[in-house]
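Here are the chains, one letter per residue:
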Amino acid sequence: MGFSPLGKPNPAFRKPPRKRVRLLYERRISLFSLFVALPGMLLSGIFIWMQAWSLESKFALILVELFVWWLLAMALHEQTTRPLQTLANVISALREEDYSFRARGAATDDALGELSLEVNALADLLAEQRIRAIEAVALLRRVVEEIEVPLFTFDPDQILRLVNSAGERLLQQPSVRLLGRTAREIGLDSCLSVESGTLVPLHFHDPNARWLVRRSSFRQKGVPHTLVVLSDVSRALREEERGAWQRLIRVLGHELNNSLTPIKSIAGSLNAQVSRTVPDADARQDFQRGLAIIGTRADSLNRFLQAYRQLAQMPPPVFRKTALHPIVERVAGLETRLRVQVIPGPDIQLMLDPDQFEQMLINLARNAVEAALEPRHAETGSQEATNMPSPRSDPEVVMQWGVNEMDLVLTIDDNGPGFLNPSNAFVPFYTTKPAGSGIGLVLSRQIAEAHGGSIELLNLSDKKGCRARIVLPQGQPTA
């Protein structure tokens, strides 16, 4: 041991501790099996050497004893180590999640046999737990796949690690193309930056869609992950909005009807009395003209209210199996101002209310024809029109349909000026037409949602015009 200048031992010069040499278990068993018989072999050798036998006989007998001693020692070594090696192999298989191996020689009232019994029982328990875990994971995956709300899982780097079928339909991409991409790349970064329970707009299908974000955290292999569940509340919000409009219409209709009926009656009575009490012909004519205007406007206002009451009194649809092609052809033939081109799709039948469905198509086709025939000046996104008209091609309206996975997609395209603000199209009473009532599109969407579907209005990206996109399930919607 070295010393520092102050006379203290220097730790740098300490000798490393000696490692204790330990023989392997098999070597110790071999040595112990030899040492056990060593005293008897020594006594036996002395006894043989003291006999009056020939030297060759003595050496031969001693060699035979040594050989038997060696055989017995090897047999003891084999009986001691082989069962332990077998148990080690079984435990190693269990560690590798291979539960098909079992230890042999398992029996009661035997120390080694009881150990084998316990190892086999452990293997059975682990195998049962593994089967339960596999079944639980399979059930969880099935539930996640069948659930109708989009579900996403992100790691700490906001990389997508799990997505269900509803999430694939929302993003319109398969999971193999989504997994491994960041939330920003797939357009869900806003869902990770807001508080749980917040409404966010996600413009994947419907530009007016509102989604409720619910976010929670969990750990997988010790790494924190984020679970994002999206719920489309657009339809629920529209139902609340529609309910508010319906209640307002009922109140206004009731109050106005109570006023319009006596106004019309009084105007008629005054008109009859004027002809008898007013001698001046010019004054009588002025009175009669004014009272006639009052009665006419009362009738018009009453018809106006009756049209709006459709929003509050539309009956539920009566579903029956109906072919799609004849309805589309019939709706296209009803339009006389412009030929509506029909591009036939698959010949399918749907569970729907044919009367309501046909009325919905009539409303949408009429709007498309009016848009295609509408004279417009050149517009490039601003609301101000110039004095130079833009070149217009011949007006056209095209109706076509196809099947997308389990849904029917029917589109009505026109080459009109398009929408300056498509988000206002489904607002009740909102209209850009001089004689419009603002309820046609609202009724159409109400009919589509009553059939379990949806309607979307969007401007065409490759050319001028608008598209009405109707999505309906091929089966009858559940209540």
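Residues numbered from 1 in each chain as written. Predicted model: local features only at pLDDT ≥ 70, side-chain atom pairs only at ≥ 80, totals over all residues. Heavy atoms only, no water.

Draft legend 1. A look at the overall build of the protein. From N to C terminus, the protein includes 13 helices and 12 strands. For the protein, restricting intrachain contacts to residue pairs at least 6 apart in sequence, the fraction spanning at least 24 positions comes to 57%. Carbon together with sulfur atoms contributes 58% to the accessible area of the protein, which is approximately 30700 Å² in total. (Helix = DSSP H or I, 4+ residues; strand = E, 2+ residues; numbered from the N terminus. Contact = heavy atoms within 4.5 Å. Areas by Shrake-Rupley, 256 points an atom, 1.4 Å probe, with all protein chains shown as cover.)

Draft legend 2. Quick peek at helix α1 (residues 25-49). Spanning 25 residues, α1 covers 35 Å between terminal C-alpha atoms, matching the ideal 36 Å at 1.5 Å per step. A maximum bend of about 40° is found in α1 at L38, where proline P39 lies one to four positions downstream. Of all the residues in α1, the buried ones are I29, S30, S33, M41, S44, G45 and I48. (Expected span 1.5 Å × (residues − 1). Bend = angle between axes of the 7 residues up to and from the residue. Buried < 20%, exposed > 50% of the residue type's maximum accessible area, 1.4 Å probe, protein only.)

Draft legend 3. Summary view of the pattern of salt bridges. A complete count under the given rule lists 14 salt bridges for this structure. For R95, the salt bridge goes to E96, with nearest N and O atoms at 3.2 Å. Taking relative accessible area as the criterion, E96 reaches 54% and is therefore assigned exposed. Across the pair D124 and R102 runs a salt bridge, and its minimum N-O distance is 2.6 Å. Taken as a pair, D124 in helix α3 (residues 111-146) and R102 in the loop between α2 (55-95) and α3 lie far apart in primary sequence, 22 residues in all. What emerges from the salt-bridge pattern is a single network uniting E335, R337 and E370. (Salt bridge = Lys/Arg side-chain N within 4 Å of Asp/Glu carboxyl O.)

Draft legend 4. Up close: the packing of aromatic side chains. Considering all chains together, one arrives at 2 aromatic pairs under this definition. Between W49 and F59, the ring centres sit 5.8 Å apart and the planes meet at 80°, which makes this aromatic pair edge-to-face. With W49 in helix α1 and F59 in helix α2, this pair connects stretches of sequence that are 10 residues apart. Taking the relative accessible area as the measure of exposure, F59 reaches 44% and is therefore partly exposed. Lying over the aromatic face of W49, K58 brings its terminal NZ or CZ to 5.1 Å of the ring centre. (Phe/Tyr/Trp six-rings, centres within 6.5 Å; stacked < 30°, edge-to-face > 60°. Lys NZ or Arg CZ within 6 Å of the ring centre and 35° of its normal.)

Draft legend 5. Main features of the sheet that holds strand β9 (residues 397-404). Taken together, 5 strands build an open sheet; the order of strands is β7-β9-β10-β12-β11 and the sheet is mixed. The open sheet has two free edges, formed respectively by β7 (340-343) and β11 (454-459), since each of these has just one partner strand. Ignoring which end each strand starts from, the neighbouring axes of this sheet average 20° apart. (Pairing = 2+ DSSP bridges. Axes fitted to C-alpha atoms, helices over the stretch in contact; angles between N-to-C directions.)

Draft legend 6. Structural context of the sheet that holds strand β5 (residues 223-232). Across the sheet, which stays open at both edges, the 5 strands sit in the order β2-β1-β5-β4-β3 with antiparallel pairing between neighbours. Single-partner strands in this sheet number two, and they are β2 (160-163) and β3 (198-201). Across the sheet, the axes of successive neighbouring strands diverge by a mean angle of 35°, strand direction being ignored. Across 10 bridges, strand β4 (residues 210-220) lies against β5 in antiparallel orientation. The residue bridging Q220 from the neighbouring strand is V223, located in β5.

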